[in-house]
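Structural overview
Spelled out from the first residue to the last, the chains are:
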Amino acid sequence: AAGQVLRHPVAMGYTVAAGTIFGSFIVYLGTSQQIFAEQYGQGAYFALWFAFFAGGIAIAMMVNARLVMRFGMRRISALALRAFVILSIAFLGLSLMAQGHPPLWLLAGFLFLGFFFSGLLFGNFNAIAMEPMGRIAGMAAAISGALSSLIAILTGGWIGQMYDGTVIPLAGGFAGLGALALLLTIWAERRRR
């Protein structure tokens, strides 16, 4: 059963894609305290910022619950992932132009929207990965959860270690991991039976 899960292109494509998207969240977790407290002097308000960005995920999950039956998880995921990648690349470009120190409002908008799009992806990616697994869903869920978590920790932790006093590693991590997730989902969809 484990071999069947590991060989299935949709299950593995979306599992690894979920890991890379979750990896961007790990980048945020690893760098947000330094970014907000040291770079932007928002240490006293860090918990509020953290809650604000988490609100983006919460809103996305409520929106997804209302839209998924109408539009389908693949369509919502495809649009949300493309929006995530475009947003991340645009923010990376703006961050580079600002030498790694964009205005706080721009960073806040980017993170809120990035987490909103991530919130649309988390549940849908996991559901798409499990969809073809049927009778071995328990084994598939265990492998998918473990593998996506491992990928997230390794990629997000590695990128988070690159923090250099700017938001460029954060923005680059979101853009790079998002682009990788996009390539993985395109590959998986082309091999869907």
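The sections below set out a description of the structure shown in this document. Predicted, not measured: the structure shown is a model, and the values here were computed from it. (Residues numbered from 1 in each chain as written. Predicted model: local features only at pLDDT ≥ 70, side-chain atom pairs only at ≥ 80, totals over all residues. Heavy atoms only, no water.)

Let's talk about the overall build of the protein chain
- Assigned secondary structure in the protein chain consists of seven helices and zero strands.
- Along its sequence from the N terminus, the protein chain presents helices and strands in the succession α-α-α-α-α-α-α.
- The C-alpha extent of the protein chain, read off along each of the three principal axes, is 50 × 35 × 30 Å.
- Every one of the 193 residues in the protein chain was classed for burial, and the buried ones make up 48%.
- Of the contacts formed within the protein chain by residues at least 6 apart in sequence, a portion of 84% connects residues at least 24 apart.
- Carbon and sulfur atoms provide 69% of the accessible area of the protein chain, an area that totals close to 9300 Å².
- In the protein chain, 11 side chains carry a positive charge and 4 a negative one; their mean positions are 19 Å apart. (Helix = DSSP H or I, 4+ residues; strand = E, 2+ residues; numbered from the N terminus. Buried < 20%, exposed > 50% of the residue type's maximum accessible area, 1.4 Å probe, protein only. Contact = heavy atoms within 4.5 Å. Areas by Shrake-Rupley, 256 points an atom, 1.4 Å probe, with all protein chains shown as cover. Lys, Arg positive; Asp, Glu negative; His and termini not counted. Charge placed at Lys NZ, Arg CZ, Asp CG, Glu CD.)

Structural notes on the pattern of salt bridges
- Enumeration according to the criterion identifies three salt bridges in this entry.
- Where Arg 74 meets Glu 131, a salt bridge forms, and the shortest distance between an N and an O atom there is 2.7 Å. A residue pair is termed long-range when its members are at least 10 positions apart, and Arg 74 in helix H4 (residues 73-97) and Glu 131 in the loop between helix H5 (104-130) and helix H6 (137-160) qualify at 57 residues.
- With relative accessibility at 46%, the residue Glu 131 sits in the partly exposed group.
- One salt bridge in this structure joins Arg 192 and Glu 189, with 2.9 Å as the shortest N-O distance.
- What makes Glu 189 partly exposed here is its relative accessible area of 23%. (Salt bridge = Lys/Arg side-chain N within 4 Å of Asp/Glu carboxyl O.)

Here's the deal with the environment of Leu 150
- Among the structural elements, Leu 150 can be located in helix H6.
- Its relative accessible area of 46% is what places Leu 150 among the partly exposed residues.

So, the side chain of Ser 148
- Structurally, the position occupied by Ser 148 is in helix H6.
- Ser 148 sits in the buried class, given a relative accessible area of 11%.
- Not counting residues up to four positions away in its chain, the partners in contact with Ser 148 are Thr 15, Ala 18 and Gly 19.

So, the packing of helix H3 (residues 46-71) against H5
- At a minimum axis distance of 7 Å, the contact between H3 and H5 shows a crossing angle of 40°. Overall, the two elements H3 and H5 adopt an arrangement that is oblique. Of the two possible hands of crossing, H3 and H5 adopt the one that is right-handed. Only Leu 104, Ala 108, Leu 111, Phe 112, Phe 115, Phe 116, Gly 119, Leu 120, Phe 122 and Asn 124 of H5 make contact with H3, whose side of the interface consists of Trp 49, Phe 52, Phe 53, Gly 55, Gly 56, Ile 57, Ile 59, Ala 60, Met 61, Val 63, Asn 64 and Val 68.
- Grouping the amino acids of the contact of H3 with H5 by side-chain chemistry returns 17 nonpolar, five polar and no charged. (Axes fitted to C-alpha atoms, helices over the stretch in contact; angles between N-to-C directions. Parallel < 35°, antiparallel > 145°, perpendicular 65-115°, else oblique. Left-handed = near helix turned anticlockwise from the far one by under 90°. Nonpolar A, V, L, I, M, F, W, Y, C, P; charged D, E, K, R; others polar.)

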